[in-house]
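Tertiary structure, described
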Amino acid sequence: MKFEELGLSPEVLGAIADAGYTEPTPIQAQAIPHLLMGRDVLGIAQTGTGKTAGFTLPMIEILAAGRARARMPRSLILEPTRELAAQVAENFAIYGKNHKLSMALLIGGVSFVEQNEKLDRGVDVLIATPGRLLDQFERGRILLADIKILVVDEADRMLDMGFIPDVERIIKLLPPIRQTAMFSATMPTEVKRLTDSYMMNPRRVEVAPPASAAETVVQRLVAVRGGFTEKRKALRDLIASENVRNAIVFCNRKRDVKIVDQSLRRHGINAQALHGDLPQPVRTATLEKFRAGEISILVASDVAARGLDIDDMSHVINFDVPMNPEDYIHRIGRTGRAGREGHALTLATAADAKYVQQIERLIGGKIEPINSVVQSADQTQATPPVTPQAERDDSRPRGDAKAPRKRTSNRRNSGIKIAANTDVKPATASKPTETERDKPRRTQRRPQQGEPAELGMGDHTPAFLQR
Ligand code: AMP
C-alpha cells in the first residue's frame, strides 16, 4: 500500500515525503480512506502505531476547504495530557506545512493570551485537554457551534484520568451533525458507551489486539527481595549492567517518582523526573532534554509519560509493577518502536506476584526472568550490597541533589552519562555477551538474614516466579 493510493492531495503527500515516510502504517491505511469520506471512525490502536497521522492527514484535507470564523474553531482534538496535545500540534505543523491552516493549543501551562488571540482570529484546529477547554468555554472565550470534526484521542486514558464526564459535557456542546473519530488502545465499557452514544455508525479499525506488545520488545522480570530501598539499589545495578542507553523508569506514584529521581541523581546518574505536579515549562524542558539526549533517564508516572513518542529509546524500566496490566502494555510500548529492538525490565518483589500474574494473563505468556545476575561487584562478602553511605543518601530528607557521590556500583556497561567527578567514562563499551554477564564478578555468597537487595535469578528465585 502506498500513500498515493489513499486519496491524499499532492500537498499532503509532499509533506509526508518530507517527513520521510515511505508507506502508511496499517492504522493509517485503514482509517484515512474512511475519514476522507466523512465517516465516523473508531480506531483501536495504541501509540506508536502512527495513529496521529491517521487522523491529522485526513483532517488537513477536509479542512483545506473553508475558512475559520472568529472564536469558532472548525475542528477539535481532545487529548488527555498536555504532552500528547503538544505532540499532536507538532504533527499538525509537520503534515500541514503546505497548507495555511491555523491551530490553537489549550493546555495548562501554555499562555492563554497568545492562544486566545489566535482563537479570536479564528482557528481551523483546536487541540485541547478537556478541563482547559471547558474552562475557556465557560469564560465565553470559545464557541463550539462550528465544530465539524471531533477527535477524541486516547479515550481509555481519558477514562483512567477521570475525564470522561468532561469529554461527555464537551461532546454535548458540539453540533450533532459532525464527523467523530475516537482512538483508544483498549475498549473499556465506559469508552464503549461513549462510542455508542455519540458516534454515527462508526467504522471500526483495529491494528493490534489491545493486549499485544511490540514483538521487538524483549521483556524481562527482575526479582528483588526487599522493599523500596532494595528496589532503588536494583535499579542502579540494572542501569549499570544492562547497557541502558536511555530509559523511562516508571513508578506507580508521583511521590516515588520524586524519590527515585533524587536517589538516582545522588548516585551520579543523569536522571530527571516527569510527573503531573511539575509546572508545564519544566515538563516541556525536561522532555526536550530527554529527546536531545541531554538527560538519559526519565523517571515518570504513567500519566505524565503516556504516549510519549521518543525515538530510539533503549529501555523501559518498571520500577513498580503496574497495578493495571494495560498500563504495562502502554509503558513498554515506549521502547522497541519503528522495528528497533527495545528492552522492558520490570522489578518485582514477592508482593507484586499477583500483578505480574495479571500482566502475564493479559499478554498471554510468561515474562522470563532476567538471565544475568545483576549484583554489582560491590555486592560481595567484602562490601555489603548497599553501602551505608548510599543508604544514608537515600534516607536523608529530600532536597536538591547535592554534589554527585562517587559511584558505588559498576556502571561499566551502561550507556548512561555519569556526572563529573566519577571515574567512569560514558559507555562506549559494547554490550557484554551473555556469558560475560552471567559471570559473577567476584565470588558470591548467599546474603545472610536481614541483608538487603538480592537481584536477578542468580541464587534466589522467589516462589511466584517458579510457577
Ligand atoms: P503515533 O502512533 O502517532 O504516536 O506515531 C508514532 C511514530 O510513528 C511517530 O514518530 C511518527 O512520526 C511515526 N510515523 C507515523 N506515520 C509513519 C509512517 N507512515 N511511516 C513511518 N513512521 C511513521
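Residues numbered from 1 in each chain as written. Predicted model: local features only at pLDDT ≥ 70, side-chain atom pairs only at ≥ 80, totals over all residues. Heavy atoms only, no water.

**Quick look at unusual backbone geometry**
Unlike most non-glycine residues, Glu 154 shows phi in positive territory, near 55°. For Glu 154, the position within the fold is in the loop between strand E5 (149-152) and helix H7 (155-160). A relative accessible area of 1% places Glu 154 in the buried class. One non-glycine residue with positive phi stands out, namely Asn 243, at about 55°. Topologically, Asn 243 is positioned in the loop between helix H10 (228-241) and strand E9 (247-250). (Helix = DSSP H or I, 4+ residues; strand = E, 2+ residues; numbered from the N terminus. Buried < 20%, exposed > 50% of the residue type's maximum accessible area, 1.4 Å probe, protein only.)

**Describing the environment of Ala 240**
Positionally, Ala 240 belongs in helix H10. Taking relative accessible area as the criterion, Ala 240 reaches 2% and is therefore assigned buried. Note: C-alpha distance between Ala 240 and Ile 269 (29 residues apart in sequence) is 9.7 Å.

**Some thoughts on the pattern of salt bridges**
Applying the stated criterion across every chain, the model contains 24 salt bridges. Notably, a salt bridge pairs Asp 327 with Arg 157, separated by 3.5 Å at the nearest N-O pair. With Asp 327 in helix H14 (residues 325-332) and Arg 157 in helix H7, the pair connects residues that are 170 residues apart, well separated along the chain. The exposure class of Asp 327 is buried, given its relative accessible area of 10%. Looking at Arg 157, the relative accessible area reads 3%, which means it is buried. A salt bridge links Arg 253 to Asp 256; the nearest nitrogen and oxygen atoms lie 3.0 Å apart. By relative accessible area, Arg 253 is classed as partly exposed at 44%. Note on Asp 256: relative accessible area 5%, which makes it buried. (Salt bridge = Lys/Arg side-chain N within 4 Å of Asp/Glu carboxyl O.)

**Things to note about the packing of helix H4 (residues 82-95) against helix H12 (residues 280-292)**
Direction vectors running N to C along H4 and H12 enclose 60°, while the axes themselves pass 11 Å from each other. Here H4 lies oblique to H12, going by the angle between them. The element H4 and its partner H12 pack so that their crossing is right-handed. From H4, Arg 82, Glu 83 and Gln 87 reach across to H12, where they touch Gln 280, Arg 283, Leu 287 and Arg 291. Taken together, the residues that form the contact of H4 with H12 break down as 1 nonpolar, 2 polar and 4 charged. (Axes fitted to C-alpha atoms, helices over the stretch in contact; angles between N-to-C directions. Parallel < 35°, antiparallel > 145°, perpendicular 65-115°, else oblique. Left-handed = near helix turned anticlockwise from the far one by under 90°. Contact = heavy atoms within 4.5 Å. Nonpolar A, V, L, I, M, F, W, Y, C, P; charged D, E, K, R; others polar.)

**Thoughts on the confidence of the model for the chain**
Close inspection of predicted coordinates is inappropriate in any region flagged by low pLDDT. Within the chain, residue pLDDT values average 79, and 77% of them lie at 70 or more. Segment residues 372-467 is flagged for pLDDT under 50; beyond a separation of four residues in sequence, or across chains, it makes 183 contacts in the model. (pLDDT = per-residue confidence, 0-100.)

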